[in-house]
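# Reading the structure
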Amino acid sequence: MEAILEQIFNGVIDGDQEDVEQNVQKALDQNLPPAKVLNEGMIAAMTEVGRRFEEGDYYVPEMLIAARAMQAGLAVLKPHLLQADIKTTGKVAMGTVSGDLHDIGKNLVMMMLEGAGFEVTDLGTDVSVQKFVEAVRSGDADIIGMSALLTTTMSNMKSTVDALVEAGLRERVKIIIGGAPVTEEYARSIGADGYAPDASRAVALAKSLMV
Ligand code: B12
């Protein structure tokens with residue numbers, strides 16, 4: 001791995017915001033592809049952070065400062081992940097489901113969707129079923145995107161799909177879901193229109209649902 005990617009990886013793990021910002025900029029100056037910086041530097045680091053948490057080597061505060069460092073790096077990377085002059089292909093409203101505060105993955109998916117020309121509304125984190133339903137009712141979304149990182153909050157995706165059916169709004173919108181514990185099979189089982197394991201495949205999925 002390029003030395004600079006290793007430095008970014010270590011910076012995220014150590015939660016060193018300034019270091020990550022500077023090294024992401026350096027990597028871009030060295031003409032490394034933004035997607036490589038993202039995947040091999042930052043996302044790989046968050047996977048390692050998750051592993052350390054699972055092993056009991058990291059606690060919530062370490063996880064949190066790593067997340068902040070990742071977000072600082074993402075801010076530097078964002079303009080480079082976006083491509084200019086693309087026509088809008090649809091409206092997406094994205095949120096992390098009720099009870100869940102993880103938003104790095106959601107934000108990344110939103111960034112990539114924006115880059116692909118979608119008009120994206122951020123419903124935030126800890127989004128209630130009602131708020132998702134309102135976003136559809138108000139006509140602000142062709143697609144609803146739900147993110148969940150906890151096995152305990154995933155079921156709120158099903159509650160949202162069920163509430164949309166009950167409100168007679170299900171046919172008006174496509175529903176896509178994602179997040180670490182979510183699977184294709186789960187998406188099918190709750191009646192969502194699709195699942196994607198990462199942000200670039202989320203874009204391909206959203207595009208495929210707009211045709
Ligand atoms: C950072 C982090 C935190 C941060 C979050 C900061 C933030 N602003 O997001 C903080 C410290 C707050 C946190 C808190 C907690 N966390 Co946490 N956290 C993580 C960690 C390390 C990384 C998550 C992350 O950002 N990954 C990087 C992003 C880029 O990946 P991603 O989110 O998976 O998103 C990608 C895809 O999934 C997909 N995607 C995501 N959303 C969507 C949506 C759609 C529509 C689509 C199509 C695709 C898609 O595309 C994304 C981009 O490629 C994970 C470990 C892990 N490996 O996931 C644990 C993890 C998710 N946390 C965990 C736990 C247990 C908790 C806490 C309960 C800990 C505690 N005791 O308090 C709390 C819960 C707080 C709450 N109510 O939400 C567990 C969950 C276990 C489980 N199975 O339920 C994990 C898996 C750690 C572990 N290995 O045990 N956490």
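Residues numbered from 1 in each chain as written. Predicted model: local features only at pLDDT ≥ 70, side-chain atom pairs only at ≥ 80, totals over all residues. Heavy atoms only, no water.

## Some remarks on the overall build of the chain
The number of helices and strands found in the chain is nine helices and five strands. Starting at the N terminus, the α and β elements of the chain follow one another as α-α-α-α-β-α-β-α-β-α-β-α-β-α. In terms of overall size, the chain behaves like a compact globule, its C-alpha atoms giving a radius of gyration of 17 Å where 211 residues would be expected to give roughly 17 Å. Along the first, second and third principal axes, the C-alpha atoms of the chain reach 55 × 45 × 25 Å. Counting every position in the chain, which comprises 211 residues, the buried fraction comes to 45%. Expressed as a percentage of contacts within the chain between residues at least 6 apart in sequence, the contacts between residues at least 24 apart total 72%. (Helix = DSSP H or I, 4+ residues; strand = E, 2+ residues; numbered from the N terminus. Rg over C-alpha atoms; globule rule 2.2 N^0.38 Å. Buried < 20%, exposed > 50% of the residue type's maximum accessible area, 1.4 Å probe, protein only. Contact = heavy atoms within 4.5 Å.)

## Observations concerning a negative patch on the surface
On the surface, a cluster of negative charge is contributed by Asp 14, Asp 16, Glu 18 and Glu 21. Residue position: Glu 21 is located in helix H2 (residues 17-29). Its relative accessible area of 31% is what places Glu 21 among the partly exposed residues. (Patch = residues over 30% accessible without salt bridge, like charges linked within 9 Å, V, L, I, M, F, W, Y side chains within 5 Å. Areas by Shrake-Rupley, 256 points an atom, 1.4 Å probe, with all protein chains shown as cover. Salt bridge = Lys/Arg side-chain N within 4 Å of Asp/Glu carboxyl O. Lys, Arg positive; Asp, Glu negative; His and termini not counted. Charge placed at Lys NZ, Arg CZ, Asp CG, Glu CD.)

## What to know about the pairing of strand S3 (residues 143-147)
With five of five residues buried, S3 is to be regarded as a mostly interior element. Pairing between S3 and strand S4 (residues 174-178): five bridges, direction parallel. Within S4, the position partnered with Ile 144 by the bridge is Ile 175. Taken together, S3, helix H7 (residues 155-166) and S4 constitute a β-α-β crossover, and its handedness is right-handed. (Pairing = 2+ DSSP bridges. Right-handed = clockwise from strand over helix to strand, strands pointing away.)

## Description of the site of the ligand
For the ligand, the set of nearby residues contains 35 residues, the closest of which are Glu 54, Leu 101, His 102, Asp 103 and Ser 147. A distance of 2.7 Å separates an oxygen atom of the ligand from a polar backbone atom of Leu 101. Side-chain polar atom of Asp 103 to a nitrogen atom of the ligand: 2.7 Å apart, as the coordinates give it. Taken together, the residues of the shell around the ligand break down into 21 nonpolar, 10 polar and four charged. (Near = heavy atom within 4 Å. Polar contact = N/O pair within 3.5 Å; in protein donor to acceptor, adjacent residues only side chain to side chain. Nonpolar A, V, L, I, M, F, W, Y, C, P; charged D, E, K, R; others polar.)

## Overview of the packing of H2 against helix H4 (residues 60-81)
Two quantities define a packed helix pair, namely the angle between the helix axes and the distance between the axes. Here H2 crosses H4 at 25°, and the two axes come no closer than 8 Å. By the angle between their directions, the pair H2 and H4 is classed as roughly parallel. Judged by the twist between their axes, the crossing of H2 over H4 is right-handed. Listed contacts from H4 to Gln 17, Val 20, Glu 21, Val 24, Gln 25 and Leu 28 of H2 are Arg 68, Ala 69, Ala 72, Gly 73, Val 76, Leu 77 and His 80. Broken down by class, the residue content of the contact of H2 with H4 amounts to seven nonpolar, four polar and two charged. (Axes fitted to C-alpha atoms, helices over the stretch in contact; angles between N-to-C directions. Parallel < 35°, antiparallel > 145°, perpendicular 65-115°, else oblique. Left-handed = near helix turned anticlockwise from the far one by under 90°.)

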